[in-house]
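Notes for the structure review
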Amino acid sequence: MSLDSPSLGEEWQQDKSFAPSLAFSQQANIQDVDIYAKAEADSEGYWADWANQLEWSKPWDTILKWNPPHAKWFLGGQLNVSVNCLDRQLAQRGDNRAIVWEGEPGDQRTITFNELAHEVRKFSNVLKSLGIQKGDRVTLYMPMVPEAAVAMLACTRIGAVHSVVFGGFSADSLKERTIDCGSKLIITADGFWRRGKIVPLKHTTDEAVADCPTVTNVVVLKRIGEAAGISMNEGRDLWWHDLMETASDDFPAEPMDSEDPLFILYTSGSTGKPKGILHSTGGYLTGVYATTKWIFDIKDSDLYWCTADIGWVTGHSYVVYGPLANGATVFMYEGSPDWGVSDGGIGKVSHAQNTDRARFWEMIERHKITILYTAPTLIRTCMKWGAELPASRDLSSLRLLGSVGEPINPEAWLWYNEHIGKGNCPIVDTWWQTETGAIMISPLPGITSTRPASATRPFPGIVADVVDEKGVSVPDGKKGILVIRKPWPSMLRTLWGNDERYKQVYWSKFPGLYFPGDGALRDKDGNFWLLGRVDDIMLVAGHNISTMEIESALVEHPAVAEAAVIGREHDVKGQAPVAFVIIREGHGLDSSNKESIAALSAELKEFVGKKLGPICRPEDVIITADLPKTRSGKIMRRLLRDIAEGRLLGDTTTLADPAIVASLKDKYTSDES
Ligand code: 6R9
C-alpha cells in the first residue's frame, strides 16, 4: 500500500468522538472495559463461557479443533437451535411477545413464545410427514412474515438444513440455488405486498421447480388469497394451513452435533456461481447469541427491529436466531419504507396508491420500537427524502441504533445520530459478512466511544489485523487489507459441495489468515475504519485510494445526497476516479438544463480536489437520478464501471440524462446479491 496516499484516517476521524451517556453505560449488558484483555488472554475459555449460556443436551469434550482452514467448535457437544430459541424461553417468557409483525397494508399480528413454539412443533411434524429427515436440504422462498421464522426454526428442530432464497430473486436464481444444494422441498407463499403490488412468489416458484428434479413438494402459505391468482399442482403443491390443521403439537427436538450443518446461504461471488456458505450449529448459535446480547444490549423490555430481509444473513442472525436465542421481542415488517398503512385493508385500491415516506418513523412511534438496526443505503435514502419526515414523528422510544451492509459515510452517520437518535442513542456500526455468521467489528454500546464511520473494535475474542499485500501488519494509520488471525465459533465451515473454492477464496491469499476481501485502516486508538471491498480500492497513478473516501467527500457537499465512485481505466494513471452522484431534492438543479448540470459537475470535481488533494479529483462527475443497487442495497460498481468505461453506452457524455443510469440496471442484471 502506498505510504503517500491521502491520509484517510486523519481526514475522517475529525475530532468527533461520541462517548456513551452514563445512563446508557450503567444499564448496559456489558460494562467491563477489561473484557477485551480477558478474551484475548484465554479466547477458548471466553467462547466456552458464551457457549455455556446456551442449553446443551450433551456437553462438549473439546472447545476447538483447528486444522487450518477447517475449524470445529465444541466437539462432542449436542444441542438444538429451536430448543434454545423457544423451549428454553418458555418457563420465564412463554407469554412474552416473540414476534410483533406488521404487513405492508397495515395488518398486524403478535405471537408469543408459547405460540411460536406451538407453531414450530406443528410445522416440524409437517416436515416429517413430507419425508424430510435430518440432513435433508429445504429451500425457503418466503416473504417477511412470521411463518418464515416458523419454517426456519422447524428445520432446525428436525435437523434439516435450510437454504433461504431472497423473495426478490428470479426463477433462475431460485432454480440455481435449489439445484446446487439438492433440496427436496420448497416452502413459499402465494405472494406478498411490496409498494402496493403483489410479488408473485408462487408463480416464480412454479417456473423454477419445473427444472428442479430433486424437489418433490412445494408448501404454499396463503398470504394474499384470491388476488394472487395462483394454481396448485396436484400431488406436488400443498397448502400450509391444510397441513397444519391436522399436525400434532408434539415434536421432541432432534439432538444435533455441534458441527452438524445448520444452514446454507448463497452469496454471489465476484465471478462465477453463487457460493453456498455453510454454517454449523453450536458455533453459529454461540456467535449470534453473544453478539446480540452485547452489541444490541438486548433486554426483555426491548422491541428490537432489524430491517433486513430473512433472505440475507442479517435476517438469519439478527432477525431470527440471535434475538430469539436471547428471548427478545423482534419486530418484523413485510413491505417498503415508502408505503403507508391503508385504511381499506388488504387488496383495496387504497393500498396500491398509498405512498408514505414516513412509514418507518410512523411504525417506530406506534409500536414504540427501542432498537433499530438498518443499512446505510436506507439512511441515505431517508436523508434524501428530508429530515422533516422523521421529525414529524415521536421517535423517543429509540435507545440504540445500528448500521450494517456497507461502510457508512460520516455524513450519513451524523444524520442518523441527529435526526433519528436525537443525539441520545449510541450507534453501533457493525462490520461482518455472510461468511462470518456474526458481527466481527463493532462498538460495545455501553463501553465504546464511537467515531462517525468507524466500526471501532473487533468484538472481544475476535483477532483482526490490517496487513499489506505480503500479509505483513501495517503500522497504525496506514491503509491495508483486513484479515482475521484466529478462528471464531460462527465462521463458515466450507462452501457447500466445494471445499477447494472455500480454501481458494478465503485462505489462499494469506495462508493461515482469513481474507474477507475488505480494505481497512486501524488508527492509533485501535479503531478500525472499513474502506469497502478490496476491489473498490483504486490505484490512481500508484496511489491507493478508496472509492469510499471520495464518496464521503462528495456527500459533504450540500447538493449531494448520495455518491458512488469507481475507478475507470486510464492510459496514464492506471485508473481515474469517476463519480456518480444523486442530487438532493430541493437543491434546485434543473435536470433538463445541460449547462446547469455541467456547472454542478465541475463544482463537485473542484470540491473533491480541494478536500482530498488533486489526485482524488474525479475525472468525471455524472449526475444521476438513481444509483443501481443490488437487492441487498449494495452499489453495483461493476455496472457503473462498465458505463464509465464506455462498454454500455459509449461515451459518457451521453449520460446527460439523469434517468439513464437507473434505466440500465434492469437490463444489465437482475440477480446480483
Ligand atoms: C452483513 C453483510 C459483506 C460485505 C463485507 C463488507 C460490507 C458489511 C459493513 C460493511 C463496512 C460495515 N459490509 N457491513 N462494510 N462497514 N459496517 O452485509 O453481509 O451481504 O455477506 O456482505 O459487506 O464489504 O465484506 P454480506
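Scroll up for the structure.
Described in the following lines is the structure provided in the data block. (Residues numbered from 1 in each chain as written. Predicted model: local features only at pLDDT ≥ 70, side-chain atom pairs only at ≥ 80, totals over all residues. Heavy atoms only, no water.)

Description of the overall build of the protein
Looking only at helices and strands, one finds 22 helices and 30 strands in the protein. Taken over C-alpha atoms, the radius of gyration comes to 24 Å for the protein, in line with the 26 Å a tight globule of 673 residues would show. Seen through its C-alpha atoms, the protein measures out along the principal axes to roughly 70 × 60 × 50 Å. Counted over contacts in the protein with a minimum sequence separation of 6, partners at least 24 positions apart contribute 71%. In the protein, 70 side chains carry a positive charge and 88 a negative one; their mean positions are 1 Å apart. (Helix = DSSP H or I, 4+ residues; strand = E, 2+ residues; numbered from the N terminus. Rg over C-alpha atoms; globule rule 2.2 N^0.38 Å. Contact = heavy atoms within 4.5 Å. Lys, Arg positive; Asp, Glu negative; His and termini not counted. Charge placed at Lys NZ, Arg CZ, Asp CG, Glu CD.)

As for the site of the ligand
Near the ligand you find 16 residues, and of these Asp429, Thr430, Thr434, Asp518 and Arg533 are the closest. At 3.3 Å, a backbone N or O of Pro407 approaches a nitrogen atom of the ligand. Contacts to the ligand include Asp429, whose side-chain N or O atom sits 2.7 Å from a nitrogen atom. Contact with the protein chains covers 91% of the free accessible surface of the ligand, which is 530 Å². Residue assignment for the shell around the ligand shows that the elements contributing at least two residues are helix H12 (313-325) and strand E25 (528-533). (Near = heavy atom within 4 Å. Polar contact = N/O pair within 3.5 Å; in protein donor to acceptor, adjacent residues only side chain to side chain. Areas by Shrake-Rupley, 256 points an atom, 1.4 Å probe, with all protein chains shown as cover.)

Quick look at the packing of aromatic side chains
Scanning the model with the defined rule gives 33 aromatic pairs in all. Site record: aromatic cluster; members linked through ring pairs are Tyr46, Trp47, Trp50, Tyr289, Trp294 and Phe459. Over the aromatic face of Trp101 sits the side chain of Arg109, whose NZ or CZ is 5.9 Å from the ring centroid. Lying over the aromatic face of Tyr36, Arg457 brings its terminal NZ or CZ to 3.8 Å of the ring centre. (Phe/Tyr/Trp six-rings, centres within 6.5 Å; stacked < 30°, edge-to-face > 60°. Lys NZ or Arg CZ within 6 Å of the ring centre and 35° of its normal.)

Some points on the layout of surface pockets
Volume-wise, the second largest pocket comes out at about 330 Å³. Lining the second largest pocket we find 16 residues, and of these Glu40, Arg457, Pro458, Ile462 and Val463 sit closest to its centre. Here the lining of the second largest pocket takes three residues from helix H3 (residues 35-41), the largest share from any one element. Its residues assigned to classes, the lining of the second largest pocket comprises nine nonpolar, three polar and four charged. (1 Å grid on protein atoms, 1.4 Å probe; cavity = no way out; pocket = protein on both sides within 12 Å on 5 of 7 lines; lining within 4 Å. Points joined across faces, edges and corners; volume = space filled by probe spheres on them. Nonpolar A, V, L, I, M, F, W, Y, C, P; charged D, E, K, R; others polar.)

A word on the pattern of salt bridges
This model, assessed by the stated rule, comprises 42 salt bridges. Among the salt bridges present, the one from Arg359 reaches Glu102, with a minimum N-O distance of 2.9 Å. Here Arg359 is found in helix H14 (residues 359-367), whereas its partner Glu102 is found in strand E4 (residues 97-102), with 257 residues between them in sequence. Of the two residues, Arg359 and Glu102, both sit in the buried class. A salt bridge links Asp297 to Lys299, with the shortest nitrogen-to-oxygen separation between them at 2.9 Å. (Salt bridge = Lys/Arg side-chain N within 4 Å of Asp/Glu carboxyl O. Buried < 20%, exposed > 50% of the residue type's maximum accessible area, 1.4 Å probe, protein only.)

Looking at the environment of Gly282
Assignment of secondary structure puts Gly282 in helix H11 (residues 281-295). Its relative accessible area of 0% is what places Gly282 among the buried residues. Along the backbone, Gly282 and Ala148 are 134 residues apart, and their C-alpha atoms lie at a distance of 22 Å. Ignoring any residue separated from it by four or fewer positions in sequence, one finds Gly282 in contact with Trp56, Phe74, Leu79 and Ser258.

So, the environment of Phe331
Mapped onto the fold, Phe331 is located in strand E17 (residues 329-333). On the basis of relative accessibility, which here comes to 1%, the residue Phe331 falls in the buried class. Taking C-alpha positions, Phe331 is 5.8 Å from Ile99, a pair spaced 232 residues apart along the chain. Apart from the residues lying within four places of it in its own chain, the contact partners of Phe331 are Val100, Glu102, Leu303, Tyr304, Trp305, Met363, His367 and Ile369.

Focus on the packing of helix H15 (residues 376-385) against helix H17 (residues 410-420)
The interhelical angle for the contact between H15 and H17, taken along N-to-C directions, is 70 degrees, at an axis separation of 10 Å. Classified by the interaxial angle, the pair formed by H15 and H17 is roughly perpendicular. On the side of H15, the interface is formed by Ile379, Arg380, Cys382 and Met383, while H17 contributes Glu411, Ala412, Trp415 and Tyr416. Taken together, the residues of the contact of H15 with H17 sort by class into six nonpolar, no polar and two charged. (Axes fitted to C-alpha atoms, helices over the stretch in contact; angles between N-to-C directions. Parallel < 35°, antiparallel > 145°, perpendicular 65-115°, else oblique.)

Some thoughts on the sheet that holds strand E23 (residues 494-495)
Two pairing modes exist for strands in a sheet, parallel and antiparallel, and in both the strands are linked by backbone hydrogen bonds. With mixed pairing, eight strands are arranged side by side in an open sheet as E12-E11-E8-E6-E7-E14-E15-E23. Each having just a single partner strand, strand E12 (237-239) and E23 make up the two edges of the open sheet. Here five bridges tie strand E8 (residues 185-189) to strand E11 (residues 217-221), and the two strands are oriented parallel to one another. Opposite Ile186, over in E11, you have Val218 as the bridge partner. H12 contacts strand E7 (161-164) and strand E14 (261-267) of the sheet and is inclined by roughly 140 degrees relative to E14. (Pairing = 2+ DSSP bridges.)

Some details on the side chain of Thr436
Along the polypeptide, Thr436 turns up in the loop between strand E20 (427-429) and strand E21 (464-467). For Thr436, the residues in contact, after removing those within four places along its chain, are His279, Trp488, Ser490, Met491 and Tyr514.

Focus: the side chain of Asp297
Considering the arrangement of structural elements, one finds Asp297 in the loop between H11 and strand E16 (303-306). Residue classification places Asp297 among the buried residues on the basis of a relative accessible area of 1%. One polar contact links Asp297 to Gln27, side chain to side chain, over a distance of 3.0 Å.

Examining unusual backbone geometry
The linkage connecting Pro68 with the following residue, Pro69, adopts the cis geometry, with an omega of 0 degrees. Relative to the helices and strands, Pro69 is located in the loop between strand E1 (62-67) and strand E2 (70-75). Its identity is not glycine, yet Lys422 carries a phi of approximately 50 degrees, on the positive side. Position of Lys422 relative to the elements: it lies in the loop between H17 and E20. A positive phi angle, near 80 degrees, is found at Ala453, a position not held by glycine. Mapped onto the secondary structure, Ala453 falls in the loop between E20 and E21.

Honestly, that's just the spatial picture; any functional story needs more than this.
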